[in-house]
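Next come the chains, spelled out residue by residue.
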Amino acid sequence: AKTSPRGYVVIHGHFYQPPRENPWIEQIEVEPSAAPYHDWNARVTAECYRPNSVARIYDGQGRILDIVNNYRHLSFNFGPTLISWLETQAPNAYARLLEADAQSLAALGHGNAIAQAYNHAILPLCNERDRRTQVRWGIADFRHRFGREPEGMWLPETAADLETLDVLAECGVGFTILAPDQASRVRPLGTDAWTDVSGGRVDPTMPYRVRTPGGRELGVFFYDGPISRAIAFEGLLNRGEDFAHRLAGAFVDTRPWPQIVNVATDGETYGHHHRHGEMALAYALQYLEDQGLAKATNYGEYLARKPPTHEVEIRERSSWSCVHGVERWRSDCGCRTGGRPEWNQGWRGPLRGALDSLRDRLAGLYEHEARDLLRDPWAARDAYIEVVLDRAEPRVDSFLREQAAPDVDGARRTRAIELLEMQRHLMLMYTSCGWFFNELSGIETAQILQYAARAIELAGRVTGGSFEETFLPRLKEAKSNLPEFGDGWGVYEKRVRPSQAALEDVAAHYAVSSLFEGYPDETRLFCFDAARRESTGLDVGGARLRMGRVG
């Protein structure tokens with residue numbers, strides 16, 4: 001028989017992959033390490049994102065009892081750069097995400113989905129302007145997909161400081177989720193006596209309120225650290241029933257408030273990091289409900305039911321994956337993943353310094369070049385997310401009518417878009433994964449250097465100048481652990497330049513692939529529109545010849 005629920009459970013999944021598209025063609029190229037799949041997005045989708053949308057629940061004899069959409073019962077955020085890929089490459093899984101949020105919104109009055117700062121930059125390390133744009137772009141992406149304003153926002157790596165929380169509150173975000181050791185001290189609202197809760201001693205069964213420097217307030221949930229670690233690293237997903245009992249066991253009968261047990265992990269834990277983890281999740285959620293052990297809900301619904309009664313002060317510049325705060329993304333702090341024992345991460349600081357210098361130099365260029373093209377260059381950058389989300393010509397026209405100076409057309413119109421694309425790539429180059437791992441030449445760091453190279457190219461196209469001359473010597477200060485690369489300049493030459501694609505390369509690809517592809521007169525090739533002007537061919541035996549013009 002069911003018993004009365006002892007409290008509420010929120011299981012949050014942070015679903016994220018770094019953007020992997022080649023910046024010159026806006027498509028992901030083959031990633032051999034993801035074999036047998038084309039790339040890592042495709043692999044993780046097959047192992048996690050899609051299975052969670054159709055998770056199976058079995059009986060003791062291996063028979064399927066039910067197929068459920070885990071997102072319907074899971075609090076979740078999907079990184080904007082990942083969900084944009086899912087929209088076109090895994091449309092069924094994408095549709096199930098939207099459906100789950102709509103169903104939870106109808107049932108609870110609050111949707112399961114929350115937003116994420118746009119491309120997973122470490123916000124406390126961003127300058128004020130980039131921090132604001134990252135939050136605004138994340139909100140705009142969420143609104144575009146889910147058709148509503150986000151109640152909450154996931155901070156990349158839960159990296160937080162008061163300035164970042166102030167931006168969230170300013171932009172209308174109601175709450176965020178932090179790790180327990182990011183709390184410093186708490187006190188009941190309306191009192192003066194603080195209690196030290198540093199070292200992860202904060203009570204995670206209630207929400208808190210934080211006051212920001214701008215005089216604003218934001219709700220904060222601290223996830224249960226021990227249970228979250230057990231899910232991610234200690235095999236708790238091996239058996240769904242054990243998972244359910246571990247969650248239910250976190251309630252304390254002596255607490256007088258309606259408690260929340262909330263856990264947070266990478267969403268990829270459920271199926272990618274732990275095979276069949278999505279089935280353990282589905283079973284645990286059903287078991288909790290069937291046995292009356294707890295009621296599954298989401299943060300927004302719980303916050304409306306149980307507003308904060310305590311205020312919290314957070315540990316500044318802290319995160320969930322670096323015990324040193326946010327040093328993992330700017331110094332050799334000792335946090336790393338894999339690699340040889342003798343390797344170091346001394347390259348992190350020089351890499352960030354080189355990118356900061358490039359960002360600041362091109363910010364001046366942007367202001368100078370855009371002041372006669374855009375009414376307000378930085379407001380236009382904030383609004384440019386609408387073009388990123390929909391690049392159809394009518395949307396671009398609408399954007400320019402709103403943001404461009406009255407006489408901008410023709411070549412000046414193209415220049416305005418090139419400047420905004422330069423700014424987009426300057427933000428993408430701060431994607432956190434570029435610093436997270438152990439070696440400068442890794443695919444994640446090479447990826448952010450590709451964004452830097454694309455921004456440099458666009459700057460040169462607008463001004464006719466060269467910006468590599470000052471950037472590459474700065475990269476030389478970042479030393480690789482591998483002799484074949486030497487330093488950041490070597491990584492740039494060996495891992496970035498081969499990825500660059502000019503229009504001539506796209507035309508060559510069209511020419512070669514036309515031997516095997518029956519292209520229509522007008523087609524989409526990567527991020528380019530290709531129109532065939534002339535075409536003739538000859539097939540003789542096993543030989544084939546094609547000639548023509550394409551524009």
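All values derive from a computational prediction rather than experimental measurement. (Residues numbered from 1 in each chain as written. Predicted model: local features only at pLDDT ≥ 70, side-chain atom pairs only at ≥ 80, totals over all residues. Heavy atoms only, no water.)

J.: I tried to follow the overall build of the chain on my own but got confused; where do I start?
T.: Along the chain, the regular secondary structure elements total 19 helices and 17 strands. Computed over C-alpha atoms, the radius of gyration of the chain comes to 25 Å, within 12% of the 24 Å expected from 2.2 N^0.38 for 551 residues, which places it in the range of a compact globule. Reported as C-alpha extents along the three principal axes, the dimensions of the chain are approximately 80 × 60 × 55 Å. When burial is assessed residue by residue, the chain has 55% of its 551 residues classed as buried. A fraction of 68% describes how many contacts in the chain between residues 6 or more apart in sequence connect residues 24 or more apart. With an accessible surface of roughly 23,300 Å², the chain has 50% of that area assigned to carbon and sulfur atoms. Taken as two groups, the 64 positive and 76 negative side-chain charges of the chain have centres that lie 1 Å from each other. (Helix = DSSP H or I, 4+ residues; strand = E, 2+ residues; numbered from the N terminus. Rg over C-alpha atoms; globule rule 2.2 N^0.38 Å. Buried < 20%, exposed > 50% of the residue type's maximum accessible area, 1.4 Å probe, protein only. Contact = heavy atoms within 4.5 Å. Areas by Shrake-Rupley, 256 points an atom, 1.4 Å probe, with all protein chains shown as cover. Lys, Arg positive; Asp, Glu negative; His and termini not counted. Charge placed at Lys NZ, Arg CZ, Asp CG, Glu CD.)

J.: So what exactly am I meant to see when it comes to a nonpolar patch on the surface here?
T.: A surface patch of nonpolar side chains, amounting to about 330 Å² of accessible area, comprises Val-54, Tyr-58, Ile-64 and Ile-67. Among the secondary structure elements, Val-54 is positioned in the loop between α1 (40-53) and β2 (55-58). (Patch = residues over 30% accessible without salt bridge, like charges linked within 9 Å, V, L, I, M, F, W, Y side chains within 5 Å. Salt bridge = Lys/Arg side-chain N within 4 Å of Asp/Glu carboxyl O.)

J.: Is there a simple way to think about the pattern of salt bridges in this case?
T.: Side chains bearing opposite charge may pair, as long as their charged atoms lie close to each other. On inspection of all chains with the given rule, the structure shows 45 salt bridges. With a closest N to O distance of 2.7 Å, Arg-330 and Glu-327 form a salt bridge. Across the salt bridge formed by Asp-487 and Lys-476, the nearest N and O atoms sit 3.3 Å from each other. Here Asp-487 is found in the loop between α17 (468-475) and α18 (488-496), whereas its partner Lys-476 is found in the loop between α17 and α18, with 11 residues between them in sequence. A relative accessible area of 8% means that Asp-487 is categorised as buried. Lys-476 gets classed as partly exposed once you look at its relative accessible area, which sits at 41%.

J.: Teacher, can you tell me more about the nonpolar core here?
T.: Note on soluble globular proteins: their nonpolar side chains tend to be buried together. Ranked by internal contacts, the top residues of the largest apolar core, which has 146 residues, are Ile-11, Phe-78, Phe-243, Met-422 and Phe-471. Here this core gets 10 residues from one element, more than from any other, and that element is helix α16 (residues 443-463). If we skip the residues at most four places from it in the chain, Phe-471 touches Ala-354, Leu-355, Leu-358, Leu-449, Ala-452, Ile-456 and Tyr-492. Core analysis: the second largest hydrophobic core is formed by 14 residues, Trp-154, Ile-177, Tyr-223 and Ala-264 among them. (Core = buried A, V, L, I, M, F, W, Y, C linked by side-chain atoms within 4.5 Å.)

J.: What am I meant to see in the pairing of strand β14 (residues 310-314) here?
T.: Each regular strand shows side chains that alternate between the opposite faces of the sheet. Buried residues dominate β14, accounting for four of its five residues. Pairing of strand β8 (residues 183-188) with β14, which is carried by five bridges, proceeds in the antiparallel orientation. Considered in β14, the bridge of Val-186 is made with Val-312. (Pairing = 2+ DSSP bridges.)

J.: Is there a simple way to explain the pairing of strand β12 (residues 260-266) in this structure?
T.: In terms of burial, β12 is largely enclosed, as six of its seven residues are buried. Here strand β1 (residues 8-15) runs beside β12; their pairing, made up of seven bridges, is parallel. Within the sheet, the bridge partner assigned to Val-9 lies in β12 and is Val-261.

J.: Help me out: how do you make sense of the sheet that holds strand β17 (residues 543-550) in this one?
T.: Across the sheet, three strands lie side by side as β15-β16-β17; this open sheet has antiparallel pairing. One side of each edge strand has no neighbouring strand; the edge strands of this open sheet are β15 (522-525) and β17. Here the average twist between neighbouring strands, direction ignored, is 50°. Direction of pairing for β15 relative to strand β16 (residues 528-540): antiparallel, over a ladder of four bridges. (Axes fitted to C-alpha atoms, helices over the stretch in contact; angles between N-to-C directions.)

J.: Honestly, the environment of Glu-311 in this entry has me stumped. Any pointers?
T.: Its location among the elements puts Glu-311 in strand β14. For Glu-311, a relative accessible area of 7% translates into the label buried. The spacing of Glu-311 and Leu-189 is 122 residues in sequence and 5.8 Å in space, taken between C-alpha atoms. Excluding residues that lie within four positions of it along the chain, Glu-311 makes contacts with Arg-185, Val-186, Arg-187, Leu-189, Trp-194, Tyr-208, Arg-209 and Arg-211. A polar side-chain atom of Glu-311 sits 3.3 Å from a polar atom in the side chain of Arg-211. (Polar contact = N/O pair within 3.5 Å; in protein donor to acceptor, adjacent residues only side chain to side chain.)

J.: Would you take a moment to explain α18 for this structure?
T.: Think of an α-helix as turning once every 3.6 residues; residues three or four places apart then point the same way. If you check which residues of α18 are buried, you get Gly-488, Gly-490, Val-491, Tyr-492 and Val-496. Contact partners of the buried residues in α18: α16 and α17. Of the residues that open α18, the one with a side-chain oxygen 3.0 Å from the backbone nitrogen of Trp-489 is Asp-487.

J.: Any chance you could explain the side chain of Asn-52 here in plain terms?
T.: Looking at the element boundaries, Asn-52 is found in helix α1. A relative accessible area of 0% means that Asn-52 is categorised as buried.

Don't take any of this as a statement about function, it's just geometry.
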